[in-house]
Each structure stands twice: as structure tokens, then as C-alpha cells.
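# Summary of the model geometry
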Amino acid sequence: MSEAGKQHPRYMLVFGGLAVLTAIEVTAAFMGFPRSVTIIVLLGLAGWKALLVALYFMHLKWEPRALKVLAAAPLLPAAIMVVVILMEYV
Amino acid sequence: MTSHAATMERGRSPERGLGVPTNKLGMWIFLTSEVMFFTGIIGSYIILRFGASDSWAAPGEVLNVTVTAVNTFILICSSVTMVKAFAAIENGDEKMLRIWLLATAIIGASFVGIQLFEYSELIHHGFLPSSGLYGSTFYSMTGFHGFHVTVGVLCILWVTLKAFRGGYTQENHQGVEVIGLYWHFVDLVWIILFTIVYLI
Amino acid sequence: MATITAEPTGVAVVEEEHPLPFIRKYIFSTDHKTIAIQFLFTCLFFLLVGGLLAVMLRYQLGYPGKPMPGGDLLPETMAPGGIILPEFYISLVTMHGTFMVFFAIMPLLVGVYANYLIPLQIGTHDMAFPRLNMWSYWLFFVSGLVMLSSFAVEGGASVAGWTQYAPLSAMPEASGVYAGQQLWMISIAIFGFSSLLGSINYVTTVINLRAPGMTWFRLPLATWSLFITAILGLLAIPVLTAAVIMLLFDQTIGTTFFLPETGGQPLLWQHLFWFFGHPEVYILILPAMGFVSDIIANGSRKPIFGYHSMVFALISIAFLGFIVWGHHMFQSGMNPALAMSFMISTLVIAVPSAIKVFNWMGTMWRGSIQFTPHMLFAVGFVMLFAIGGLSGIFMASTPVDIYIHDTYFIVAHLHYVLFGGSLFAIFAAIYYWFPKMFGRMINDTMGRIHFALTFIFFNLVFFPMHGLGMGGMMRRIYDPSQYEHLAGMQDTNTLVSLSAFALYASGLLFFVMFFWSLFRGKKAPVNPWNATTLEWQVPSPPLHGNWTEIPVVYHGPYEYSHPDMDKDWLSQNERPDVVSPARH
């Protein structure tokens, strides 16, 4: 099997990070910031958590670059779809 | 060419496009299509909420953020147990594989249970799929996610059963890795969903 | 890099060691070739159904209000006294489009030929996931049955057009169709799942199971096009699945995604549908282009002109195909600035398509052309696709499209690319690969007659529609003669209808010939067309598992008429030193 499988990060560390980020998120949501600030902060935190899961739990960090590209690829048409349709209403 | 060279030619292995084993590659490819499926459902919610000029409930008004935040933590825990299961079998520890897999299945099932409980509370208070756009989008997004989690739990149970029968070894445990990828994906979608639906 | 080890594919090449029972060998088969042939028979049936629906609607358009011959066989709810009702007419239009797009053209291109060709052309035993492949066929079969059943339920089949625009599609009170609409949604949801399983198989197989020496730029264009098509399917079809389920919820459990009274957005349906719909039409044409490339190179005895640019053109068409969908919506009231950006991207996508047309012409230039039926259909494809593409340039321009949208000009365009394009390529593919699939030859003369009849009647049916559309004839209307501005064109409509009947008859001739050849055709040799690609190096038909020994590939896919060789073709797995010491 590949050497990539032999690399195991400190999973409990990542878990701790995810738990902390979740707690920050829930607190930040009700802190009463201006709406756009709240949205940006929350999306940023969620994105960070998603990246942690993808890179460490799903092992992407140690996979060949081509697989990283494949995994990220659908994000482009997804973003295009949502952004373009949103422009109908802007 | 000599016959020796010809034999060597015959032993050559297939061209490997990405250096990724076939079953794992297949699962990643499936996950890319799942990204597009959830984009369809969640994207529609984003467009309908932020595009259309309706006013929607503020966070916490209708939905129970506390319970769901705990549920989010629970799902993340199941991702940890899943990855611990994979790490165990990578090190040849078949016993811990079974334990961690079982834990994942149980925690995953709890997530679904709590979700169903939340649904029953909401329905009791009159918040239904037919409750306007909010109801339509909430139930379809969380419903499809919950459906994916349920399928995931069933698959994990199947893998767990195979593990208990000694079906996985240090050399051969692709099934564990592949179902793990699906499970983490489902967790990842929830991370996004929870933020967008419950907090924003 | 990871160490590469040969992976067992799980398919042993056994001939009669463990003979499979009939059910495992022919019904629930996991052999990609059997699955492909299952798709072929099922899709040819749906092609007949789709064509029959067209014949019926053309009867109404050619002879408005007159009783149709055989119409008294239909129930009173559809055609009392043999006269087609408007409600039935609109379901004919809807279901003709639905069956042709989803159950005929798409699976004939992908379900049949991706399944049949990919493992053979890349030099492997079977697909990466043979059991998923089997599920892909049977889910398709079920979805087809569900769609057919919608004719039999109360209220009849769906009437919202193959595009199912909301709110008509979401409101049974408005359309008069209840179960028929829901069955449409359910059928397409199942279909999406079938397609997904297929795509996962095709992409994984091409990436991971290529024979040694079969590098990316030695793949035949048929495989390249099927690979890119599968990626398009992976990214576009799930969005349709999501949208269709949302529409089904609107119809059944009271959600309001697309219902304006309760805050829903009908325009959202159009965006979601066309976000899928545009890549879908590239799914319908890209494999056709791939087959035509293989066939034209073979039939001209020359390598494909500009192989690399053909590959990059396929990739650019697929990529650009994701940012042009709004050109189906120019009349919808969409944001005009958005419309302009869609117009620009649509005009740009004409460039790689044109590159391909010029490259086919460059391939044939000074080639040694053999006028076999498959070559005739392939060259016919190039001509008719070019015409369809030219009408596309008109429609790409927003100000022009606002005038001709939803007229017969569009109907002309879509049939030039889908029939003159995709279906001609399918016929070419059937003629070309029939000997390999069934071990028999189709009679050349009959094939040429089929081509001539199809080509002539096709143009008689669809070319006049450009004029009809410019003259203002709207799509999906029941009786053109009742409109003052259209009554004068009724003669054209009648001529089109008569030609359509003749076109269908030509298709029936093909069916007879196809089945006759299955049983009585001459036995086929291994490589009747002296072709270079790997599928021609195995018996006709191939054994289960395809190869007793995985081949090694030494050349690109179109080594025809190389100046150093005495033979005018070189197969991909022929060792160069064996053929000619001068070649490297």
C-alpha cells in the first residue's frame, strides 16, 4: 500500500480544534455583530472546520496532488451556479 | 526484442492515472457528484433566502440551536471514532478496529435519533415542509443530509459486521478507508449546513 | 510516488470452466459487453417509441383536426374519434422530447458505447466496478418503465414540456395532470442515479485501468470523449436530481420552491434545469464527436488531423458548457447584464466546435475515402452538425434569440444537432462496431440505402423549419392553421409531416435490417475495417474478460498510412520492430 497511509496526524488535536471552532461559531452567531460581519466570520469558521476534516480526516494532505485537484474541482461549478443565479436578484 | 524483454513487457502493470487505488478513487469521484447534489439543494436555499425579498426567521427563533450544536459536536465525535478505526487497522489492530467502528455506528445513529426528535418537536409546534420557503428549504436540506447519514450508518454497520468476522487485515482494509471517506464527507456537509441553516 | 502494483480486476478470462447460468450470463450480467448490448436493445425500443410520438404529433400538425389513421385505437381521453386532443398533443410533445433525450440518444451514446468500448479500447478486462455497472442498467430499465407507465395513469402523461417549467409542472390544478407529472419526476430521479453509477465507472476505469503504454495522449478519441462526457454527467446530473426532487415535493408535500404565490421562484427552476440542461446537450454531442473521429480516421486511412487540439477542444467545450446555460433563458425576464455574459460565452464555445469540424475535414483531405455506411453517416454528421452549429450562432445572440426563441427555428437547430448530429453518429457507431459486437456484418448496400433515405428525408423535415420559425411559428402549438400569420405556411407543415412519416419508415427499415443481420449477416472477421484501435485486436465478439493477456501499447490510436510502412495501418499493440525496423 502507499506510504501516504502511514502518516497519521494527531487526530485528537484536530478533534479539539473542531470542538473549539464550533463553540466559537455558536457564540459568535449571537454576539450581535453587524449582519455582514457575522456572515463572513461564520462562513470563515465553517470553511476552516471543513478544511480540517478534508485535509486530516479524509487524508487529503498526504494524497497525490491530482486527487486534491479532483476533490476541489466541483467547488468551481458549484460556486458559479450559486453566484450567477444570485445575480438575478441583486 | 528478446523473449526476456517480452516477458518483462507482459509483467508491466496498468497505467495508473493518479496513483490512487481504484476503490478509493471511485469513492472520491462519487463524492464530487454529491457535492453538486448538495449544491443544488443548499444553493437553492441560499438563492431563495438571500435573493428573494422575503423575511425569514432570525437564528434561534424557530430552530433549536443548542440541541443542534450538541448534535454537531456528536457528529464530529463520530468522525473521530471513524478515523481512529482506520488508524487502528493501519497498525494491524483488529480489536480496536471493531470497537471504534461500533462506536461510530452508535454515535452516528444517535445523531439521526436527535434529528428525528428535533423534527417531531418542530412539527408539534406547527413548523412543516409546507410552512413557506423556510419550511421547504429546512426540511429538504436537513432531510437529505439525514438520509445520507442513515445510509452511512447502515454501511458502517455492514463494515462493522465484516470486521467482527475478521474481514479486514493490515494489508487489506480498503473498505474501512472508503466508508470512512463517505462518513467524513457527510460530516463536512453538516458543518456547512449547521452554520448556514442554524446560525446565519 | 506510491509503488504501483498490478491490481486484480476480479475478472478471470474463463471460457467454459465455470459456465454461468443463463440468468447470470444474460440477464443480471456484470460483463460490460453484455450490459452494453442490453442498453442497445432497450434504447432502440425507446427510439422507436420516441419516433412514434413524433409521427403522431406531426400528423396533427400536418392535418390539423383530422382523424389520424389508427387513431381510433387510442382511448377517448387521448384521441376521440381518432382526432388528437390538445391535451394529448401537448403530452406527445413532452414525451417525445423526454424519451428521445433521456431514453434514446443519451443512453445509446453513453450506456451502449461507453460500456462497450472503454474497457476494450484501453486494454482491460472489464469496468472498475462491474456490479455497479449492472445496477446502472437495471435502474435505467426501471426508470424507462416508470416513464412509459405515465401514459396509462389517469390524467395521462406529463404536459409541461421536456423542460418541465414551473409553475405549470408544479401545479396539477393548472396542468390537469396529477400522477403523470409525479411519475416523470420519479423516473428522472431514478435515471439520474443510474447515470451516476455509470459515470463513476467510466471515469475510474479510464483513470486507473489503462493497459501499459496506453498513456493519456494515446487514447482513441472515442474513449476521450466518453471520459469527458462522464465527468460532465457527474457534475451536471446531480443538480437535475436535486431540482426534480424539489419539484416533486412542490407537487406532493406542500413545499413552495417554485410556486410564486407562496414566495417560490419559477425562475429558479429554469436556472437549475438549464444549469444541468446545457452540459446535458454536450453529453449528447461529445461522444458522437468521438465516434466520428475514430470512424473518419479509419475511413480516410489517415490519422486524425490535430489529435491534440481535438482533445483540448473536447475539454474546452465541456468546461465552457458550464457557463452558457442562460442562453436558454433570454426571454425569461432574466437580468440583462447576465444575458450579455451568457451571450459572449456562448459565442466563444463555437470556436472549439469549429476547430473539430475543420479537423475532420482536414482528416479527410487527400485521404483514401471508403464509402461504407458508417463513413457515410460520419461524414453526414459533420455536414449536418455544422448546419446545426451555424443556426446556433444566430441563437447565441440575445437580440436575435428574443425574436426566434420558442419558435420552430429552435426546433430546427436542436434536431440538426441531435438527429443530424448525435443520431447520425449513433447510426455510424452501430454500423462500425456491429461486427465486433455481434460477430456478423450488416449488408453494405442496405446500409447505404438507409443512409440515403435518412439523409434526404431528414433534411426535408427539418430544413424548412428554419423558415417556419423565422416566419413566426411557435413551438408546441396544437393547430398552426388557426393563426392568421401561420395559415399560409400550412402547406410547408404538411410537407414536413409527410417527410417525417417517410423518415420514420426509413428508421423501421433500419430496424428490420439490424435484426436480420443479427441472425443472417455474414460472419465477421476480427478486423473488417483494418482499424488500429485495441478493440479490433480481439475476436468478434470478444471473450468474457476480453484479453487472455493484457496488451502492451506502443503507438497512438490513428497510425494509418505511415510513410515507412507497407501496410496502411498499424494497430496500437503491434510491436514496432516486428513491423518495420526503421520505426522507433
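Below: a short report on this structure. If you're wondering where the values come from, they're calculated on a predicted model, not measured in any experiment. (Residues numbered from 1 in each chain as written. Chains lettered and ligands numbered in written order. Predicted model: local features only at pLDDT ≥ 70, side-chain atom pairs only at ≥ 80, totals over all residues. Heavy atoms only, no water.)

## A closer look at the overall build of chain C
- From N to C terminus, chain C includes 17 helices and zero strands.
- Rg of the C-alpha trace for chain C: 24 Å, near the compact-globule value of 25 Å for 584 residues, within the 12% margin.
- Along the first, second and third principal axes, the C-alpha atoms of chain C reach 75 × 55 × 50 Å.
- Taken across its 584 residues, chain C has 64% of its residues classed as buried.
- Averaging the locations of the 23 positively and 29 negatively charged side chains of chain C gives two centres separated by 12 Å. (Helix = DSSP H or I, 4+ residues; strand = E, 2+ residues; numbered from the N terminus. Rg over C-alpha atoms; globule rule 2.2 N^0.38 Å. Buried < 20%, exposed > 50% of the residue type's maximum accessible area, 1.4 Å probe, protein only. Lys, Arg positive; Asp, Glu negative; His and termini not counted. Charge placed at Lys NZ, Arg CZ, Asp CG, Glu CD.)

## Side note on the interface of chain C and chain A
- Taken together, the contact between chain C and chain A spans 20 residues of the former and 13 residues of the latter.
- The contact between chain C and chain A buries some 1300 Å² in all, and 75% of this surface belongs to carbon and sulfur atoms.
- Connecting chain C to chain A are zero salt bridges.
- Where chain C packs against chain A, one counts four residue pairs in polar contact (both at pLDDT 80 or more).
- Sort the elements by how many residues they give to the side of chain C that touches chain A and helix H8 (residues 266–300) of chain C lands first, with five residues. (Contact = heavy atoms within 4.5 Å. Buried area = accessible area lost by both parts, 1.4 Å probe. Salt bridge = Lys/Arg side-chain N within 4 Å of Asp/Glu carboxyl O. Polar contact = N/O pair within 3.5 Å; in protein donor to acceptor, adjacent residues only side chain to side chain.)

## Here's the deal with empty space enclosed by the protein
- Following the criterion strictly, the structure yields six cavities of 30 Å³ or more and no others.
- Forming the boundary of the largest cavity are 18 residues, of which Met106(C), Val110(C), Gly111(C), Ser195(C) and Tyr202(C) lie nearest the centre.
- The set of elements that each furnish at least two residues to the lining of the largest cavity consists of helix H3 (86–122), helix H4 (130–149), helix H6 (179–208) and helix H7 (221–252) of chain C.
- The dominant element in the lining of the largest cavity, judged by the number of residues it contributes, is H6(C), at six residues.
- In terms of residue class, the lining of the largest cavity is built from 10 nonpolar, eight polar and no charged.
- As a volume, the second largest cavity reaches approximately 100 Å³.
- Lining the second largest cavity we find 13 residues, and of these Phe57(A), Phe86(B), Glu177(B), Leu181(B) and His184(B) sit closest to its centre.
- Looking at the lining of the second largest cavity, the elements with two or more residues in it are helix H3 (65–90) and helix H6 (174–199) of chain B. (1 Å grid on protein atoms, 1.4 Å probe; cavity = no way out; pocket = protein on both sides within 12 Å on 5 of 7 lines; lining within 4 Å. Points joined across faces, edges and corners; volume = space filled by probe spheres on them. Nonpolar A, V, L, I, M, F, W, Y, C, P; charged D, E, K, R; others polar.)

## Let's talk about the side chain of Thr30(C)
Residues and elements named next belong to chain C.
- In this structure, Thr30 sits in the loop between helix H1 (22–27) and helix H2 (32–62).
- Relative accessible area serves as the criterion here: at 19%, Thr30 is assigned to the buried category.
- Apart from the residues within four sequence positions on either side, Thr30 is in contact with Arg24, Ile35, Asp126, Pro130, Arg131 and Met134.

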